[in-house]
Structures are given as C-alpha cells and as structure tokens.
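Summary of the model geometry
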Amino acid sequence: MTHCRDNESIWIEGKRPLNGRIQIQGSKNAALPILAACMLIPGKCVLKGCPDITDIKCMCSLLQSTGAEVEICGMKTGNQITVDTRNVRKHRLPEKYVSAMRSSVVLMGAMLGRLGEVCVNYPGGCVIGERPIDLHLCGLEKLGAQIWTEGNHIHAYADELRGTVIELPFPSVGATQNIIMAAVTAQGTTVIKNAAREPEVTELCKFLNRAGAKIDYAGAFLPEGRIVIYGIELSRLHEVSYEIITDRIVAGTYLFAALAAGGEVTLENIPIGQLDSTCDIITRMGAAIALDEDRNEVTIYADDRSKIFNIPYVETQVYPAFPTDLQSPLIAAACMAKGQLKVREKIFSSRFRIVEELRRMGADVTVEGDLAVVTGGRELEGRTVIARELRGGAALVIAGLCASGITTVTDSGYIERGYQDIVGDLTKLGARIKNRN
Ligand code: EPZ
C-alpha cells in the first residue's frame, strides 16, 4: 500500500472569500498513538472517527506487518478501523513505512510491552528539523529495555519492564506516549515528570484506561507535569471501542484560512477547549470568534477587512500555548493583514521552509534563526509553489486562496498526510480549488 502519492498538486483560483460551514475530521495526532496502543491489547479494538489520511493508512500497514489484522471500513462515512492483534508475532517494522512516517517510532513502547522486543530503522530527521528520538530511547532504557543499534536499525529488548521515575528534560509528546505504553504492563509504578500535556497524550491515557490500564494523568497539568502509570498484567487489558477526538490543528488551519481570505465560516464538531490560544490570536488580529460549546462549533467573522491587523509577536510553545503545527498557517494569514508580526518557533529547529515559497508569491517575510518577521498587507501573486511538508503545504493553500490569479501547490501528497479532504472542505466554503495530477 503506497502512502504518499507523488506528483499530486492542488490548483487554486484566489481572491474569493470563504463562507459556510464544514465538519472537522478526526485527529491525526490522537489516532496514531491510539492505533499503536492497540498493539498492547490482545484482542479486537474498534476505533471510530479516524481521519482518512495517508499517515493513518501507514500506521495500519505497520500494524499489519506485525501480524495484526486491520480492517479499514467506511473511511468516508463512519471512518471506523478495527485492529485485531491476536496473531501478532513479528517484531521487525518495515523500513519503508517507518521512513515514510516518523511517528511510527511510537510503536516501540507498545511492542516492548506486548512482544518484549522491537526492531525499527532510525526514522531520521525531516524538513522541519532534526527530530531526534533520544528521549524516547532513554525513557525505554530506564524502564529496563536493552537498546542497541546495528547500522541504521535500533533494537530494543526487554524480558521484563520495571516501573521507575522518569523526568523528561523536555515535555516531548512522542516520548511521553512511548513511555506510557511501555509502562502499562511494567512491574510496579512509573512516574513521568515534565510529561507532555497535549490533548493527544490525554486521549491516549483515556483509551488505555478504557481498556483496563491504570493511568493517573490528572497531574499532567500540575507544575511538575506528572503522569503516573500503575503496571498491570497484560491479561488484564481487554477489547475496547473508542471514538477519536476531532483535529484541533485542522480546525485551526481553517480558522486561519478564513482570517486570511475573509468571510464567515462555522466549523462543526470541533474539540472544544483545545483552540483557546489560536482563537485568542485571531480575535486580537481583529476578527470576531463565536464559540458554541453546546453544539461544539466555532464561527469566525472576518468579512470586514479594515479590521484585520497583525499583532506584534507570537511564539510557539507546548500545550496549551500556541501550537507549532499552526505556525505556518498563521504566517500565511499574517501576509494578508496590515502591519508587522514576529513569530518565534520554539519547538522545532527549522520550521520556516514555507517562507521561501511565500516570498516567491510576493510576500514580505524574512527569517533570522528562530524568528520570522512578516510585513503584511501586500498583494500576493499566484505562482507554482512546492509543499515541502504537511503544515507548510496547508499554509501555501491558504496563501493561494488570497493570491491574485492561479496558484498551484505541487507535492500536495504531503498535505494528504494530515488533511482528509482540504480541497473538498474549502470547495464547500466557496473556494475555487481542485486536485490535479
Ligand atoms: C508530535 O510530534 C506531533 N506529531 C507533531 O505534529 C507536533 O508538531 C509535535 O508533537 C509538537 O507538538 C504527532 O503527534 C504524530 P515532540 P513529536 O517529541 O512527538 C525534540 C504534525 O504536523 N525531541 O514533542 O515528534 C524534537 O526535536 C506533526 O502533525 C528531542 O530532542 O514532537 C522537537 O524539537 C509535526 N528528542 C521537540 O522535541 C526526542 O527524543 C518536540 O518534539 C524527542 C523530541
């Protein structure tokens, strides 16, 4: 099953406002670790509301490569995935899938817990930065895993995992998730200090507790960021059916698209409470936001362009601060607002690759180290631009919605890794946009 389709592109005829309402898809970053966690559960799990995206298909292929049976049904309707791990027996993860998706590394903890061993090639860096996995490996070693490398492969083996105290120097999302999954069936209790508190970590804990694990994640929001996992016998884990939360990054992307293009857009089925930092920035930039917590909807009113201005400074930080995954969509929207915005990227080492493409469209954006400076209010010209990664690609679509003439975003397979149907969604909102190959 190939995952990233190449020479795909998205064609956009710009300068049309967005109006209407769309549903938000299931969360990629919640579904991926929960799919990995199914590896721990000897039986059949049913996940509802998974997004129909290539990264999910990649994770399903990885699970199948271990001997698990995976059924993907109704991806356009119920979006339901069934994972049956009763015949799991292989511990080597195929290089082609691991290299295609870095987050496959989060399978290590679950496979150590279930099989006691795993072999995975080093996922390596990607265009948004080095992305080492030292915190993952260090955490698994502290739980008793023996880890060694042979060439480009990492081997991990544990005849018994033992609970311990692990203090993370940085609240890494993936490392927190890996340690949690390895600790579920460890002997004794594991305390993670300075754990990540992103909603995708909380959801993983909820899913595992629903399957019989004993995880206290309430402390994740205390200053010391504490998650406690009480180890249980593997046989205590049981089959479970679980609804995946919707995607806060996709919702935020569409809010920035409406802010940039203008108009009135309602997003249905949003993860209420997970968009506060983004909505705060958008209202400070002059658009109005209405949150309906009963109906899980948010509406942005950005039709009065005379009110849209850049704010002086934003920096990306760990949750609940402004997320790094919305940094590129923010920069694209800031090109369409009067005044200057400075954005500091505090999470990844090089997440401004989109800037060179925006400058080719006429945007006034400069980068110095971890700081980008956007001087908005200039007309963007439609161009053929290159999506070099997922969120940067989505941000180029936003720029294309606002540019005069035609914009073609090439290598749009990157965008399909995280957005179920960005062309269909934006078409519903009145954009003139098409998939091209
Ligand atoms: C998750 O990646 C998300 N991916 C990312 O979303 C997101 O940007 C990131 O968290 C931050 O919120 C998934 O959930 C699948 P980290 P992850 O470990 O777990 C450094 C998207 O677009 N680090 O919190 O890889 C790392 O280099 C993707 O959907 C180490 O140094 O993020 C980075 O600078 C992109 N050593 C920082 O921590 C480690 O062992 C944050 O990484 C691990 C991480």
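Rules of the game
Residues numbered from 1 in each chain as written. Predicted model: local features only at pLDDT ≥ 70, side-chain atom pairs only at ≥ 80, totals over all residues. Heavy atoms only, no water. Helix = DSSP H or I, 4+ residues; strand = E, 2+ residues; numbered from the N terminus. Rg over C-alpha atoms; globule rule 2.2 N^0.38 Å. Buried < 20%, exposed > 50% of the residue type's maximum accessible area, 1.4 Å probe, protein only. Contact = heavy atoms within 4.5 Å. Areas by Shrake-Rupley, 256 points an atom, 1.4 Å probe, with all protein chains shown as cover. Pairing = 2+ DSSP bridges. Axes fitted to C-alpha atoms, helices over the stretch in contact; angles between N-to-C directions. Core = buried A, V, L, I, M, F, W, Y, C linked by side-chain atoms within 4.5 Å. Near = heavy atom within 4 Å. Polar contact = N/O pair within 3.5 Å; in protein donor to acceptor, adjacent residues only side chain to side chain. Nonpolar A, V, L, I, M, F, W, Y, C, P; charged D, E, K, R; others polar. Domains from an automatic or database assignment. Parallel < 35°, antiparallel > 145°, perpendicular 65-115°, else oblique. 1 Å grid on protein atoms, 1.4 Å probe; cavity = no way out; pocket = protein on both sides within 12 Å on 5 of 7 lines; lining within 4 Å. Points joined across faces, edges and corners; volume = space filled by probe spheres on them. Buried area = accessible area lost by both parts, 1.4 Å probe. Salt bridge = Lys/Arg side-chain N within 4 Å of Asp/Glu carboxyl O.

**A short note on the overall build of the chain**
- Along its length, the chain carries 14 helices and 23 strands.
- Rg of the C-alpha trace for the chain: 21 Å, near the compact-globule value of 22 Å for 437 residues, within the 12% margin.
- Expressed as lengths along the three principal axes of its C-alpha atoms, the size of the chain is roughly 65 × 50 × 45 Å.
- Residues classed as buried in the chain amount to 59% of the 437 residues present.
- Long-range contacts, defined as pairs at least 24 residues apart, comprise 75% of the intrachain contacts of the chain with a sequence gap of at least 6.
- Put simply, the chain shows about 16,500 Å² of open surface, and 47% of that area lies on carbon and sulfur atoms.

**Some details on the sheet that holds strand β3 (residues 44-48)**
- Sheet architecture is open: four strands sit in the order β4-β5-β3-β13, paired in mixed fashion. Every other strand in the sheet has two partners, leaving β4 (69-73) and β13 (241-243) as the edge strands with one partner each. With direction set aside, neighbouring strand axes in the sheet form an average angle of 15°.
- One ladder, built from four bridges, connects β3 with strand β5 (residues 80-84); its direction is antiparallel.

**Quick word on the nonpolar core**
- Grouped together as the largest cluster of nonpolar side chains are 80 residues, with contacts concentrated most on Ile180, Phe207 and Leu208.
- In terms of residue count, helix α1 (residues 28-37) provides more of this core than any other element does, seven residues in total.
- With residues up to four places along the chain from it excluded, the contact list for Phe207 reads Ile34, Ala37, Cys38, Ile41, Cys45, Leu47, Val240 and Tyr242.
- By size, the runner-up hydrophobic cluster in this structure holds 73 residues, among which are Leu275, Ile331, Cys335 and Val374.

**Quick word on the site of the ligand**
- Around the ligand there are 21 residues in total, and Asp134, Leu135, Ser172, Asp325 and Ile347 lie nearest to it.
- Here an oxygen atom of the ligand and a backbone polar atom of Pro132 are 3.4 Å apart.
- Between an oxygen atom of the ligand and a side-chain N or O atom of Ser172, the distance comes to 2.7 Å.
- Taken together, the elements giving at least two residues each to the shell around the ligand come down to α1, α5 (134-142), α6 (173-183) and α12 (390-402).
- Here the element with the most residues in the shell around the ligand is α5; it accounts for three residues.
- Considering only residue class, the shell around the ligand consists of nine nonpolar, six polar and six charged.
- When residues of the shell around the ligand are sorted by domain, at least three fall in each of domain 1 (9-25 + 246-436) and domain 2 (28-243).

**Things to note about the packing of helix α8 (residues 248-261) against helix α10 (residues 327-334)**
- Their axes nearest at 8 Å, the elements α8 and α10 cross at an angle of 5°. Considering the angle they form, α8 stands roughly parallel to α10. For the pair α8 and α10, contact is made by Thr253, Phe256, Leu259 and Ala260 and by Pro329, Leu330 and Ala333, respectively.
- Grouping the amino acids of the contact of α8 with α10 by side-chain chemistry returns six nonpolar, one polar and no charged.

**Observations regarding the side chain of Thr316**
- With respect to the secondary-structure elements, Thr316 resides in the loop between β17 (313-315) and α10.
- Its relative accessible area of 0% is what places Thr316 among the buried residues.
- Of note is the side chain of Thr316, whose polar atom sits 3.2 Å from the side chain of Glu345.
- A distance of 2.9 Å separates the side chain of Thr316 from the backbone nitrogen of Lys346, its partner in a polar contact.
- In this structure, Thr316 is in contact with Phe322, Pro323, Thr324, Gln327, Arg344, Glu345, Lys346 and Ile347, ignoring residues within four places of it in sequence.

**Let's talk about the pairing of strand β7 (residues 146-150)**
- Where β7 meets strand β8 (residues 153-157), five bridges bridge the pair, whose relative direction is antiparallel. Bridge pairing links Thr149 to Ile154 in β8.
- Turn length for the β7-β8 hairpin, with the two strands adjacent in sequence and antiparallel, is two residues, and the turn residue Gly151 shows positive phi of about 65°.

**Looking at the pairing of strand β6 (residues 117-121)**
- Along β6, four of the five residues are buried, which leaves the element largely enclosed by surrounding structure.
- Where β6 lies against β8, five bridges are found, and the strand directions are antiparallel. Residue pairing for β8: Asn121 is matched across the bridge by His153.

**Let's talk about the sheet that holds strand β19 (residues 364-368)**
- Taken in spatial order, the four strands make up an open sheet running β17-β18-β20-β19, and their pairing is mixed. At either end of the open sheet lies a strand with only one pairing partner, and these are β17 and β19. The average angle at which neighbouring strand axes cross in this sheet is 15°, direction not considered.
- Of the pairings in the sheet, the one linking strand β18 (residues 339-344) to strand β20 (residues 371-376) comprises six bridges and is antiparallel in character. Looking at β20, one finds that Val343 is bridged to Ala372.
- In the packing of α10 onto the sheet, contacts are made with β17, β18, β19 and β20, and the angle to β18 comes to roughly 170°.

**Re empty space enclosed by the protein**
- Using the criterion set out here, one finds two cavities of 30 Å³ or more in the structure.
- In terms of lining, the largest cavity is formed by Arg353, Ile354, Glu357, Ile386, Arg388, Glu389, Gly392, Gly393 and Leu396.
- At three residues, the largest contribution of residues to the lining of the largest cavity is made by α12.
- Residues of the lining of the largest cavity, tallied by class, amount to three nonpolar, two polar and four charged.

**Describing the domain arrangement of the chain**
- Under the domain assignment, the chain is made up of domain 1 (9-25 + 246-436) and domain 2 (28-243).
- For domain 1 versus domain 2, the separation of C-alpha centres amounts to 30 Å.
- Contacts between the two partners involve 23 residues from domain 1 and, on the opposite side, 24 residues from domain 2.
- Counting the surface lost from both domain 1 and domain 2, the interface buries some 1,900 Å², and carbon and sulfur atoms represent 53% of this.
- Considering only the surface of domain 1 that becomes buried against domain 2, Tyr319, Arg417 and Gln420 emerge as the three largest contributors, covering 35% of it.
- Between domain 1 and domain 2 we count two salt bridges in total.
- Between Arg417 and Asp55 there is a salt bridge, with the nearest N and O atoms lying 2.8 Å from each other.
- In this structure, the connection of domain 1 to domain 2 is made through nine residue pairs in polar contact (both at pLDDT 80 or more).
- Here the side of domain 1 that touches domain 2 is composed, by residue class, of seven nonpolar, six polar and 10 charged.

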